[in-house]
Amino acid sequence: MTRTSAAELQPQALRHDWKREEIRAIYHQPLLELLFQAQQIHRQFHRPGEVQLCRLLSIKTGGCPEDCAYCPQSAHYHTEVRPGALMSVEEVRRAAEKARSEGATRFCMGAAWREVRDGRDFENVLAMVRDVASLGMEVCCTLGMLNEHQARRLAEAGLTAYNHNLDTSPEYYGAIITTRRYEDRLRTLEYVRRAGISVCCGGIIGMGESDEDRVGLLHQLASMNPHPESVPINSLVRVEGTPLGEAEPTDPLTLARTIAAARILMPASRVRLSAGRRSLSRESAALCFMAGANSIFFGEKLLTTPNPGRDEDELLFRDLGLRAMSRV
Ligand code: SF4
């Protein structure tokens, strides 16, 4: 197997022409070597020990017509999630103010929609974006597929970033979602880019995919030019009633390996240790920060699934000597 050293990587740090075999070679290195390289690169591009705190709020929960096999909000599965209407602009503003007072510098709003439809709900989301932006926070939305005009309107409202995950490799995508295609995702991402909004795009580990699928996902992300500014790496939260409710638990070392490879491939991006933190030990979380994760969601709920409590995170930050990233 080819060994790639950090020194070799340095001059080409922001590359977009990665070949799959290069990514495979990086990903499959001995874990400690991989972590060491990732940490070296992390320190060239980011302040060590600094982690961005983001808050994610579900502004419209459940009843989604898509069939993502991991998602309790899909109307295709029987889960405990009860569909609700879009929250009011006022409620969202209050939630954003609270998140800000607790140290969040980024506020993300998620709606369980297949795609954005023009009309009253979209106008309300635009008002929410304007409100959150006026609080001086980064503002991010995840609303499903967008057309070009909608992307432009979100940009005009002050949207910082749009989240649209690729989830897994193109080859494995059809095993997870059948109601839309990989190309649909890429098209929305293209509209987001063209509108001048930054891209938040990553995937999920632990859905029964192979190492090669994780390499394939990383290849897609690292080939984007520019790279997604934010790369959420989620670990599957197994929810009863979804097709992946009984999946094998994710190996935290695989999560750390994927994060480290993402850090090496996309050195300037914020790599977010996202869903699934609740089932990570403190030691596994530490390994993920060592691997180059420098952003988390904090707050007890992540859309509809549990997340570590604030006290737990404060203790973890104290014990690891991590600091919350200051205001944007
Ligand atoms: S992940 Fe998003 S698009 Fe897929 S079912 Fe859940 S809410 Fe719908």
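Residues numbered from 1 in each chain as written. Predicted model: local features only at pLDDT ≥ 70, side-chain atom pairs only at ≥ 80, totals over all residues. Heavy atoms only, no water.

**Details of the overall build of the chain**
Within the chain, the regular secondary structure consists of 12 helices and 12 strands. The C-alpha atoms of the chain give a radius of gyration of 19 Å, which matches the 20 Å a tight globule of 328 residues would have. Considered along the principal axes of its C-alpha atoms, the chain spans approximately 55 × 40 × 40 Å. The proportion of buried residues among the 328 residues of the chain is 58%. Of the contacts formed within the chain by residues at least 6 apart in sequence, a portion of 76% connects residues at least 24 apart. Roughly 13,900 Å² of accessible area belongs to the chain as shown, and the carbon and sulfur atoms make up 50% of that amount. Charged side chains of the chain number 41 positive and 42 negative; the gap between the two group centres comes to 4 Å. (Helix = DSSP H or I, 4+ residues; strand = E, 2+ residues; numbered from the N terminus. Rg over C-alpha atoms; globule rule 2.2 N^0.38 Å. Buried < 20%, exposed > 50% of the residue type's maximum accessible area, 1.4 Å probe, protein only. Contact = heavy atoms within 4.5 Å. Areas by Shrake-Rupley, 256 points an atom, 1.4 Å probe, with all protein chains shown as cover. Lys, Arg positive; Asp, Glu negative; His and termini not counted. Charge placed at Lys NZ, Arg CZ, Asp CG, Glu CD.)

**A few points about the site of the ligand**
Every residue close to the ligand is listed here: Cys 64, Glu 66, Cys 68, Tyr 70, Cys 71, Ser 74, Ala 112 and Arg 180. Grouping the constituent residues of the shell around the ligand by class yields 5 nonpolar, 1 polar and 2 charged. (Near = heavy atom within 4 Å. Nonpolar A, V, L, I, M, F, W, Y, C, P; charged D, E, K, R; others polar.)

**Focus on the pattern of salt bridges**
Taken as a whole and judged by the stated rule, the model has 31 salt bridges. Glu 22 is the partner of Arg 15 in a salt bridge, and the nearest nitrogen-oxygen pair spans 2.8 Å. Residue Arg 15 is classed as buried on the basis of its relative accessible area of 13%. The partner of Arg 318 in a salt bridge is Asp 319, with the nearest N and O atoms 3.3 Å apart. The class for Arg 318 is exposed, based on a relative accessible area of 60%. Judged by relative accessible area, which is 39%, Asp 319 ranks as partly exposed. It is possible to trace a salt-bridge network through shared partners that takes in Glu 66, Arg 114, Glu 115, Arg 117 and Arg 180. (Salt bridge = Lys/Arg side-chain N within 4 Å of Asp/Glu carboxyl O.)

**A word on the nonpolar core**
Of all hydrophobic cores here, the largest spans 94 residues; its most connected members are Ile 59, Tyr 70, Met 109, Leu 143, Leu 154 and Tyr 162. Counting residues in hydrophobic clusters, the runner-up holds 6 residues, among them Cys 54, Cys 108, Ala 161 and Phe 297. (Core = buried A, V, L, I, M, F, W, Y, C linked by side-chain atoms within 4.5 Å.)

**A closer look at unusual backbone geometry**
Backbone torsion omega between Asn 225 and Pro 226 reads 0 degrees, so that peptide bond is classified as cis. Relative to the helices and strands, Pro 226 resides in the loop between α9 (211-223) and β7 (230-235).

**Some words on the pairing of strand β8 (residues 270-273)**
Two elements, β7 and β8, share 4 bridges in a ladder whose sense is parallel. When the bridges of β8 are listed, Ser 230 appears paired with Arg 270. For β8 and strand β9 (residues 295-297), the ladder comprises 2 bridges, and the chain directions are parallel. Looking at β9, one finds that Leu 273 is bridged to Ile 296. Between β8 and its parallel partner β9, the chain crosses via helix α11 (residues 282-290), and the hand of that crossover is right-handed. (Pairing = 2+ DSSP bridges. Right-handed = clockwise from strand over helix to strand, strands pointing away.)

**Focus on the packing of aromatic side chains**
Under the defined criterion, the tally for this structure stands at 2 aromatic pairs. Measuring from ring centre to ring centre gives 5.0 Å for Tyr 173 and Tyr 182, while their planes differ by 85 degrees; the resulting arrangement is edge-to-face. Taking relative accessible area as the criterion, Tyr 173 reaches 2% and is therefore assigned buried. Ring geometry for Phe 289 versus Phe 317: centroids 6.3 Å apart, planes at 85 degrees, classification edge-to-face. Linking Phe 289 in helix α11 with Phe 317 in helix α12 (residues 310-320), this pair joins segments that are 28 residues apart in sequence. (Phe/Tyr/Trp six-rings, centres within 6.5 Å; stacked < 30°, edge-to-face > 60°.)

**Observations concerning the environment of Pro 226**
For Pro 226, a relative accessible area of 39% translates into the label partly exposed. Taking the C-alpha atoms as reference points, Pro 226 and Leu 14, 212 residues apart in sequence, are found 8.9 Å from one another. Excluding its chain neighbours within four sequence positions, the residues that come into contact with Pro 226 are His 16 and Arg 193.

**Points about the confidence of the model for the chain**
Averaged over every residue, the pLDDT of the chain is 92; the share at 70 or more is 95%. Segment residues 1-7: pLDDT under 50, and 15 contacts once partners within four positions in sequence are set aside and those in other chains are kept. (pLDDT = per-residue confidence, 0-100.)

**Remarks on the environment of Thr 105**
Mapped onto the elements, Thr 105 comes out in the loop between α4 (89-101) and β2 (106-111). The exposure class assigned to Thr 105 is buried, which follows from its relative accessible area of 2%. For the pair Thr 105 and Gly 136, spaced 31 residues apart in sequence, the C-alpha to C-alpha distance is 8.1 Å.

**Describing the side chain of Asp 213**
As for its placement among the helices and strands, Asp 213 is situated in helix α9. In contact with Asp 213, other than residues within four places in its own chain, are Thr 168, Ser 169, Glu 171 and Tyr 172.

**Brief notes about the pairing of β2**
When you tally the buried positions in β2, you get 6 out of 6 residues, the bulk of the element. Taking every second residue as pointing to the same face, both faces of β2 are buried, with Arg 106, Cys 108 and Gly 110 on one and Phe 107, Met 109 and Ala 111 on the other. Both strand β1 (residues 50-60) and β2 contribute to a ladder of 6 bridges, which runs parallel. Directly across from Ser 58, in β2, lies its bridge partner Gly 110. For the crossover from β1 across α4 to β2, the handedness is right-handed. Where β2 and strand β3 (residues 138-142) come together, 5 bridges link them in parallel fashion. Counterpart to Gly 110 in the pairing with β3 is Thr 142. One crossover worth recording links β2 to the parallel β3 by way of helix α5 (residues 120-134), and it is right-handed.

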